[in-house]
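Residues per chain are reported as follows:
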Amino acid sequence: MKSARRIFSGLLLLLLPTTVCLPQDDSSHGLPDDFWTRFEVGFDRFMKTLFDDFSPEDRARLADALNGRAVRIIRSDTTIQAGDTLHGSVLLDHATLTVAGVLDGDIAARGGTISMREGSRITGDVRMKESTILRDQNAIVLGTLEQSHSRWIDNDDDSWVSFRPLRRPMPWTSETWTTAPFFVRYNRVEGLFLGLGTTKKYYWDGEHDFSAFGSLGYGFISHRWRGNIGVTRQYAIPSYTDAWLLEAGIEAYSLNDTKDPWIIGQTENTAAAFFLRQDFRDYFQREGFTGHVAAYFRNDDLFAEGKLAFMADRYRSVADHASWALFGGDRSFRANPEIDAGRMRSVAATLGISSALAHSKIPEGWTAHATAEVSDPRALGGEFDFEKFVVEVRRYQPLGVHDRFNVRVRAGTAHGALPRQKTFALGGVGTIPAFGFAALPGDSAGANRMILMNAEYLLNGDVLHDLSFWPSWLFRHINLILLADAGFVRTVDPSVSMLSGFGGIRWNDFRSDVGVGVANISGSVRAALVWRTDQSEPARFIVRFSRPF
């Protein structure tokens, strides 16, 4: 229904400027001179309606209105006096806002100036387009600062008025963090799953000490309740240029979990399972609790995280229950594989850093993270004995006004006997899409060595805008994508060190594909054809509603 309303609204936006400019003089034998100009404006609005990001954060202004919190629009010079607090989001339009007190919310500025006096504070994000910010000593912005000059954001785009949450999930973030107030999912293990939840919040302003979060839901095919509940104690250390947040917390849970959230998000996988009878995740039951300590750092250009956690879990296999899908023909769901059941006690450490946080629609910069997990029954108890290490590096690189290059390298290794729910596998959506899901290594046991490389080149369709006949009003919203993927998995003696097992690798040991496709301006909605390079077979057609990395 929402999609239908979206398309209908886009068509109205397209038709409106064309109908209002039809010639009033019946003797006229042609359309008015500005007809095509108005048509292009209408088409721009239509394309934006269809192909802009679907992310909830880009609807924050509407969410403010729905929650009864008005968005204040400032079009004349305004001052927040020392000792005063202005609550709510602010849109600054070609004016000057002087902040001597506190702005408790986000601010977007277009053609404006934000002047922050000593000791003033803005608790949310600051997003600017053709604007400036002036800060005295000890003037604090607790959110993210973003200045937009790039043509990757359309000059006619009003997305400058939207805000991101105070902190977006990063690639290393646990999926339970992203739970929405009301959520729906569908998969072959639970069937339709409905739940309620509260997300974990990060109080960088220090005004709250505790953050409680949790979720509870029911699978209508599995007939099982699943949920989690947790609380963290936080201590914020804001300063003029950056902020630290220290945290200690505990969480208890009973979940149908997966080792595949990095491959495909829950929303996209739900759509694939519900509509096409394709589930790109494998599942297992995990029950227990986790305690952790963490430190987070952020400034205008960087976000970093370090976390140490102790996990006490019990793992069990889960069976398939659902077989229905709206479409999918005679296709059947893959059987959910067995795991190695038992009690696991482990310690996990995560380090992550990102300079791509400030770019909400089209990331630019570096993101890197590493995760190590140790399970030692002699020291920690439990029934499993292994060490596992995963590292991933991403680079989002603009090459010019119309093109950019994105690359990801991910590697994993282990020592000891990895349980099947911890092994590595490649193939399918999110890894090497021309191959079947988990086709490498080709058996359910998985592997203990892995290397994955993904690269994509995106060229905006407006690259030929100098041609007078080129329909920029259409192609500025479309990117051409050239992509390539390569992966390697191997199983070696579990007694050798984690650094062993990568020797003697040849290019022929990798499996790879190449592809070509089209996407929206940010690359988050895309369709592509991909071909295996090791043998001749028909291309696979893939459609994604999120960036693969």
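Further up the page is the structure itself.
Okay, so let's go over this structure.

Topic: the overall build of the protein
Turning to step 1, where the next piece is worked out: Broken down by element type, the protein carries 6 helices and 29 strands.
Turning to step 2, where the next piece is worked out: A burial count over the protein gives 47% of its 549 residues as buried.
Turning to step 3, where the next piece is worked out: Summarising the internal contacts of the protein: among those between residues at least 6 apart in sequence, 58% fall at separations of at least 24.
Turning to step 4, where the next piece is worked out: Carbon together with sulfur atoms contributes 59% to the accessible area of the protein, which is approximately 26,200 Å² in total.

Section: the sheet that holds strand S5 (residues 96-99)
Turning to step 1, where the next piece is worked out: Spatially, 4 strands are ordered S2-S5-S8-S11 in an open sheet, and the strand pairing comes out parallel. At either end of the open sheet lies a strand with only one pairing partner, and these are strand S2 (78-80) and strand S11 (132-135). Each strand of the sheet is rotated relative to its neighbour by a mean of 10°, with strand direction disregarded.
Turning to step 2, where the next piece is worked out: Pairing of S5 with strand S8 (residues 113-116) involves 4 bridges; the strand directions are parallel. Bridging across to S8, threonine 96 finds its partner in threonine 113.

Structural notes on helix H4 (residues 266-276)
Turning to step 1, where the next piece is worked out: Those residues of H4 that fall on the buried side of the exposure criterion are Glu268, Asn269, Thr270, Ala272 and Ala273.
Turning to step 2, where the next piece is worked out: Those residues of H4 that are buried are in contact with strand S14 (182-187) and strand S29 (540-544).
Turning to step 3, where the next piece is worked out: One or two residues past the end of H4 sits arginine 277, with phi positive at roughly 55°.

Considering the pattern of salt bridges
Turning to step 1, where the next piece is worked out: Summed over the entire model, instances satisfying the criterion amount to 27 salt bridges.
Turning to step 2, where the next piece is worked out: Among the salt bridges present, the one from arginine 110 reaches aspartate 93, with a minimum N-O distance of 3.6 Å. In this pair, arginine 110 sits in strand S7 (residues 107-110) while aspartate 93 sits in strand S4 (residues 90-93), placing the two residues 17 residues apart along the sequence.
Turning to step 3, where the next piece is worked out: One salt bridge connects glutamate 392 with arginine 410, and the closest N-O pair in it is separated by 2.6 Å. In this pair, glutamate 392 is assigned in strand S23 (residues 386-398) and arginine 410 in strand S24 (residues 403-416), connecting sequence segments 18 residues apart.

Side note on the pairing of S7
Turning to step 1, where the next piece is worked out: For S4 and S7, the ladder comprises 4 bridges, and the chain directions are parallel. Residue leucine 91 lies in a different strand from S7, and its bridge partner there is alanine 108.
Turning to step 2, where the next piece is worked out: Relative to strand S10 (residues 126-129), S7 runs parallel, the two sharing 4 bridges. Paired with alanine 109 across the bridge in S10 is methionine 128.

A word on the side chain of arginine 408
Turning to step 1, where the next piece is worked out: Tracing the backbone through its elements, the reader meets arginine 408 in strand S24.
Turning to step 2, where the next piece is worked out: One buried charged residue, arginine 408, remains without a salt bridge, the closest side chain of opposite sign being glutamate 392 at 4.2 Å.
Turning to step 3, where the next piece is worked out: Side-chain polar atoms of arginine 408 contact the backbone oxygen of glycine 430, separated by 2.8 Å.
Turning to step 4, where the next piece is worked out: If near-sequence neighbours (up to four positions away) are discounted, arginine 408 is found in contact with Trp262, Glu392, Val393, Arg394, Gly430, Leu452, Met453, Asn454, Pro548 and Phe549.

Overview of the side chain of aspartate 106
Turning to step 1, where the next piece is worked out: Relative to the assigned elements, aspartate 106 resides in the loop between strand S6 (102-104) and S7.
Turning to step 2, where the next piece is worked out: We classify aspartate 106 as buried; its relative accessible area is 17%.
Turning to step 3, where the next piece is worked out: Within polar-contact distance, the side chain of aspartate 106 engages the backbone nitrogen of aspartate 125 at 2.6 Å.

Topic: the pairing of strand S19 (residues 284-299)
Turning to step 1, where the next piece is worked out: By the bridge criterion, 16 bridges tie strand S18 (residues 242-257) to S19 in an arrangement that is antiparallel. Paired with leucine 255 across the bridge in S19 is arginine 286.
Turning to step 2, where the next piece is worked out: A loop of 3 residues connects S19 with strand S20 (residues 303-317), the two strands running antiparallel in sequence.

Parameters at a glance
- Residues numbered from 1 in each chain as written.
- Predicted model: local features only at pLDDT ≥ 70, side-chain atom pairs only at ≥ 80, totals over all residues.
- Heavy atoms only, no water.
- Helix = DSSP H or I, 4+ residues; strand = E, 2+ residues; numbered from the N terminus.
- Buried < 20%, exposed > 50% of the residue type's maximum accessible area, 1.4 Å probe, protein only.
- Contact = heavy atoms within 4.5 Å.
- Areas by Shrake-Rupley, 256 points an atom, 1.4 Å probe, with all protein chains shown as cover.
- Pairing = 2+ DSSP bridges.
- Axes fitted to C-alpha atoms, helices over the stretch in contact; angles between N-to-C directions.
- Salt bridge = Lys/Arg side-chain N within 4 Å of Asp/Glu carboxyl O.
- Lys, Arg positive; Asp, Glu negative; His and termini not counted.
- Polar contact = N/O pair within 3.5 Å; in protein donor to acceptor, adjacent residues only side chain to side chain.

Don't take any of this as a statement about function, it's just geometry.
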